[in-house]
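# Geometric and topological summary
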Amino acid sequence: MALASIIIISYNEGQWLRKTVESFLAAKTKIPFQIIVVDDGSTDQSTAFLNSSRYKNIDLIKLKRSGITKAKNIGASQAKGEVLLFSDAHILVEDFWLDRMLEDLKEKTILSPLVASLLEPHRVGMGLTLNEELLPCWRSYKTNVVEKVPMLPGGFMLIKKSDFDVLGGYDEDLKIWGYDDCEFSLRALLFGFNLLVTPKTKVFHLFRSGQTYKGYNENVLFNLGWLACLHFKTQRILKVLTKINRFPRAFTITEKLAKEQKLWQLREKYLKIRVYDDDWYFSTFGIDF
């Protein structure tokens, strides 16, 4: 039976990291798994509990503040499992969540469960999409069948390690946080992967006020511009840069993007190997941009 590696990314999560780890340990499953905690430069001593002998089988990786993409890649590089589960550090899971998800995990597939709000459990999301401002937003849960979606939440996402390696992992040129899930999801789709949400299980996620998908900062704007320059046709790139230029200090962002030689080399590489283009993406998922 395949080993699963659960990779929890944590930054100043307080007691929530412990609650998340305990939830994974307590949930019933027939699947063997390891837990890797990647502490991305926390200053709140939230990983101190892992020093207890109770958690001796949990691997802890401590980094200087590096950002979500590097933290995930480092966690994946240390994983022993054939499948990888990337998780936020404020998640609670159901019994047999892993067993049920693995039933729907195929080759060239990335999978997420339903995601319910921990504080408002009646609010349940089934993957993500993009709105007219290109901000990620949750899709409503409307069907009990596995559904293809335009974007998966990186806060709880299952993928075969071999497929993760084929995709090249997360893009570490993205800044600390923002559009990392979107870029990875978009790249996977354009490379011919499927993004699926299974309703066979759900996880409970703590949504903090003002934290998730609420707006822009300089890092988020840079990451949006990077994503567009990597994957969009010229007209859409210009539309995104026009959007970015509405914000203070936008000129420094667009200037950096224009001078990023690696960005444009990577774009040429992706254009040659992708299966679909951005017109296909926006048309397939009914996103108007």
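Going along each chain's sequence as written, the residues are numbered from 1 onward. Where local features are concerned, this predicted model is filtered to residues with pLDDT of at least 70; where side-chain atom pairs are given and counted, the filter is 80 or more; whole-chain, interface and lining totals use all residues. Just so you know, side-chain values use all the structure's heavy atoms and leave hydrogens and water out.

To continue, consider the overall build of the chain. On a plain count of helices and strands, the chain comes out with ten helices and eleven strands. Radius of gyration (C-alpha) of the chain: 19 Å, near the 19 Å computed for a compact globule of 289 residues. Counting every position in the chain, which comprises 289 residues, the buried fraction comes to 54%. Of the accessible surface of the chain, which amounts to about 13300 Å², a share of 50% is contributed by carbon and sulfur atoms. Here Asp and Glu are counted as negative and Lys and Arg as positive; His is not counted, and neither are the chain ends. Charged groups are reduced to one reference atom each: NZ for lysine, CZ for arginine, CG for aspartic acid, CD for glutamic acid. Between the mean site of the 40 positive side-chain charges and the mean site of the 34 negative ones, the chain shows a separation of 1 Å. Helix numbers and strand numbers start at the N terminus; a helix is a DSSP run of H or I with at least 4 residues, a strand a run of E with at least 2. Atoms considered for the radius of gyration are the C-alpha atoms alone. The globule rule reads 2.2 Å times the number of residues to the power 0.38. Partly exposed describes any residue whose relative accessible area lies between the buried limit of under 20% and the exposed limit of over 50%, with all areas from a 1.4 Å probe on protein chains only and scaled to the type maximum. Only the protein chains shown count as covering a residue, and every accessible area follows the Shrake-Rupley method with a 1.4 Å probe.

This brings us to the nonpolar core. Ranked by internal contacts, the top residues of the largest apolar core, which has 63 residues, are Ile7, Phe86, Ile110, Leu134 and Phe232. Broken down by element, this core gets its largest block of residues, nine residues, from helix H6 (residues 218–231). If you count residues domain by domain, this core takes at least three from each of domain 1 (4–205) and domain 2 (218–285). Setting aside chain neighbours within four positions, we find Ile7 in contact with Ile36, Val38, Gly75, Ala76, Ala79, Leu84, Leu85, Phe86 and Ser87. Residues enter a nonpolar core if they are buried and are Ala, Val, Leu, Ile, Met, Phe, Trp, Tyr or Cys, with the set joined through side-chain atoms within 4.5 Å. Within the second largest apolar cluster, 29 residues are counted, among which are Val21, Val83, Leu196 and Val203. Where each domain starts and ends comes from a domain assignment, either automatic or drawn from a database. Whether two residues are in contact is decided by their heavy atoms: any pair within 4.5 Å suffices.

A positive phi is found at Gln45, a non-glycine position, where the angle reads about 60°. For Gln45, the position within the fold is in the loop between strand E2 (33–40) and strand E3 (59–63). Note on Gln45: relative accessible area 63%, which makes it exposed.

UniProt positions are given in the numbering used here, feature names are shortened, and annotations may be inferred rather than shown by experiment. Residues annotated by UniProt as "domain: Glycosyltransferase 2-like" (unreviewed entry) correspond here to residues 5–165. With 20% helix and 34% strand, the stretch residues 5–165 has end C-alpha atoms that lie 14 Å from each other.

Further remarks concern the pattern of salt bridges. Two side chains with opposite charge may pair up if their charged atoms get near one another. We define a salt bridge as a contact between a side-chain nitrogen of Lys or Arg and a carboxyl oxygen of Asp or Glu at a distance within 4 Å. If you walk through the whole model with that rule in mind, you get 18 salt bridges. One salt bridge in this structure joins Glu120 and Arg123, with 2.9 Å as the shortest N-O distance. Overall, the relative accessible area of 33% leaves Glu120 in the partly exposed class. The salt bridge involving Arg236 is made with Asp278; its shortest N-O contact spans 2.9 Å. Here the residue Arg236 occupies a position in helix H7 (residues 234–244), and Asp278 occupies one in helix H10 (residues 278–284), the gap between them amounting to 42 residues. Of the two residues examined, Arg236 and Asp278, each falls in the buried class.

Angles here are taken between N-to-C directions and fall from 0 to 180 degrees, while the axes themselves are lines fitted to C-alpha atoms, restricted in helices to the stretch in contact. In contact at an axis separation of 10 Å, H6 and helix H8 (residues 250–259) are set at 40° when each is read in the N-to-C sense. When you trace H6 past H8, the crossing you get is right-handed. Side by side, H6 and H8 meet where Glu218, Leu221, Phe222, Gly225 and Trp226 of the first sit next to Thr252, Ile253, Lys256 and Leu257 of the second. Residue composition of the contact of H6 with H8, by class: five nonpolar, two polar and two charged. Put simply, a crossing is left-handed when the front helix is turned counterclockwise from the back one by less than a right angle, and right-handed when it is turned clockwise. Three residue categories are used. Nonpolar comprises Ala, Val, Leu, Ile, Met, Phe, Trp, Tyr, Cys and Pro, charged comprises Asp, Glu, Lys and Arg, and polar comprises the others, including Gly.

Moving on, we get to helix H5 (residues 180–190). Counting buried residues along H5, eleven of its eleven residues qualify, which places the element largely inside the surrounding structure. Among the residues of H5, Asp180, Asp181, Cys182, Glu183, Phe184, Ser185, Leu186, Arg187, Ala188, Leu189 and Leu190 are the ones counted as buried. One or two positions beyond H5, positive phi appears at Gly192, with a value near 95°.

This part covers the packing of aromatic side chains. Each pair of aromatic rings taken from Phe, Tyr and Trp, with Trp reduced to its six-membered ring, is defined by centres within 6.5 Å and is described as stacked if the planes are under 30 degrees apart, edge-to-face if over 60, and tilted in the remaining cases. A complete count under the given rule lists 18 aromatic pairs for this structure. Taking 5.8 Å as the distance between ring centres and 85° as the angle between the ring planes, the aromatic pair formed by Phe86 and Tyr170 counts as edge-to-face. Remark: Tyr170 occurs in the loop between helix H4 (161–167) and H5 and Phe86 occurs in strand E4 (residues 83–87); sequence separation between them is 84 residues. You can call Phe86 buried: its relative accessible area is 0%. When the ring of Trp97 is compared with that of Phe156, the centres are 5.3 Å apart and the planes differ by 70°; the resulting orientation is edge-to-face.

Position of Gly127 among the secondary structure elements: in strand E7 (residues 124–130). Each residue touching Gly127, except ones within four places of it in the same chain, is listed here: Cys137, Trp138, Arg139, Val149, Met151, Pro153 and Val197.

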